[in-house]
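Each chain is listed here by its residues.
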Amino acid sequence: METQNYKNHIRYYPPHHFVFYPVLLAGIIASITFAFRHPDAAWEWVFITILLLIIGWLGFMLRQHYALTTQDRIVRLEVRFRYFTLTGQRFEPLEKNLSLGQILALRFASDGEFPELVKRAIAENLSPDDIKRAVKEWQGDYMRV
């Protein structure tokens, strides 16, 4: 497996990204095309187009929502545990000063830079992207949803 870093940390789910969405997009384009080519049945094709758009939106939202909500809770617990293990102090008092996005971005920091990056993220109100860019030794998250 390739070593993970800022440039390659995005993960694709092939059945969704390369099958479901392209087929859905083809169906939407076809239904719009048929609506213009067959004006006598245009309303039926517009209805099909709207239905396909709703199916695509629901497919995206539900797939992402359930998996990411669980993953976010687990990562929050991992960050709490890592902070306590490395510093002997609880993370919860600091957590109140960080957004979920910042906490999720901190997980990529190595143990050597993690506690200091937490302090810096709070002091400078770093965005999640700024936190990721500040990581010197990227700790890959290879089990992401």
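Residues numbered from 1 in each chain as written. Predicted model: local features only at pLDDT ≥ 70, side-chain atom pairs only at ≥ 80, totals over all residues. Heavy atoms only, no water.

Peer 1: How would you explain the overall build of the chain if you had to name every residue and give the values?
Peer 2: Counting its regular elements, the chain contains six helices and zero strands. Helices (α) and strands (β) of the chain occur, in sequence order from the N terminus, as α-α-α-α-α-α. Here the chain has a C-alpha radius of gyration of 22 Å; the compact-globule value for 145 residues is 15 Å, and the former is much larger. Taken along its principal axes, the extent of the C-alpha atoms in the chain is 70 × 35 × 25 Å. Pairs at least 24 residues apart make up 67% of the contacts formed inside the chain by residues separated by at least 6 positions. (Helix = DSSP H or I, 4+ residues; strand = E, 2+ residues; numbered from the N terminus. Rg over C-alpha atoms; globule rule 2.2 N^0.38 Å. Contact = heavy atoms within 4.5 Å.)

Peer 1: How would you summarise the nonpolar core if you had to cite specific residues and measurements?
Peer 2: Counting 20 residues, the largest nonpolar core has Phe-91, Leu-98, Leu-106, Phe-114, Leu-117, Val-118 and Ile-131 as the members making the most contacts within it. Listing elements by their share of this core, those giving two or more residues are α2 (42–87), α4 (100–106), α5 (114–124) and α6 (128–134). Beyond its immediate sequence surroundings of up to four residues, Ile-131 is in contact with Gln-102, Ala-105, Leu-106, Leu-117, Ala-121 and Leu-126. (Core = buried A, V, L, I, M, F, W, Y, C linked by side-chain atoms within 4.5 Å. Buried < 20%, exposed > 50% of the residue type's maximum accessible area, 1.4 Å probe, protein only.)

Peer 1: Describe the confidence of the model for the chain, listing the residues and the values that go with them.
Peer 2: Per-residue pLDDT for the chain averages 93, and the proportion of residues at 70 or more is 99%. For the chain, per-element mean pLDDT is lowest for α2, which scores 93, and highest for α5, which scores 98. (pLDDT = per-residue confidence, 0-100.)

Peer 1: Break down the packing of aromatic side chains for me, citing the residues and quoting the values.
Peer 2: Enumeration according to the criterion identifies eight aromatic pairs in this entry. Centre to centre, the rings of Tyr-12 and Phe-18 are 5.8 Å apart; their planes meet at 50°, and the pair counts as tilted. On the accessibility criterion, Tyr-12 (52% relative accessible area) is exposed. Across the ring face of Phe-114, the terminal group of Arg-82 is positioned such that the distance to the ring centre comes to 4.4 Å. (Phe/Tyr/Trp six-rings, centres within 6.5 Å; stacked < 30°, edge-to-face > 60°. Lys NZ or Arg CZ within 6 Å of the ring centre and 35° of its normal.)

Peer 1: Describe the layout of surface pockets, and please don't skip the residues or the numbers.
Peer 2: Here the largest pocket is characterised by a volume of approximately 300 Å³. For the largest pocket, the lining is made up of 18 residues, of which Leu-68, Gln-71, Arg-107, Arg-144 and Val-145 are closest to its centre. When residues of the lining of the largest pocket are traced back to their parent elements, those giving at least two are α2, α4 and α6. In terms of residue count, the dominant contributor to the lining of the largest pocket is α2 (six residues). (1 Å grid on protein atoms, 1.4 Å probe; cavity = no way out; pocket = protein on both sides within 12 Å on 5 of 7 lines; lining within 4 Å. Points joined across faces, edges and corners; volume = space filled by probe spheres on them.)

Peer 1: I'd like a description of the pattern of salt bridges, backed by residues and values.
Peer 2: Under the counting rule described, the total for this entry stands at eight salt bridges. Across the pair Arg-120 and Glu-124 runs a salt bridge, and its minimum N-O distance is 3.2 Å. With Arg-120 and Glu-124 both in helix α5 and four residues apart, this pair spans about one turn of that helix. A relative accessible area of 48% means that Glu-124 is categorised as partly exposed. For Arg-133, the salt bridge identified is with Asp-129, shortest N-O distance 2.8 Å. In this pair, Arg-133 and Asp-129 both sit in helix α6, four residues apart, roughly one turn of the helix. (Salt bridge = Lys/Arg side-chain N within 4 Å of Asp/Glu carboxyl O.)

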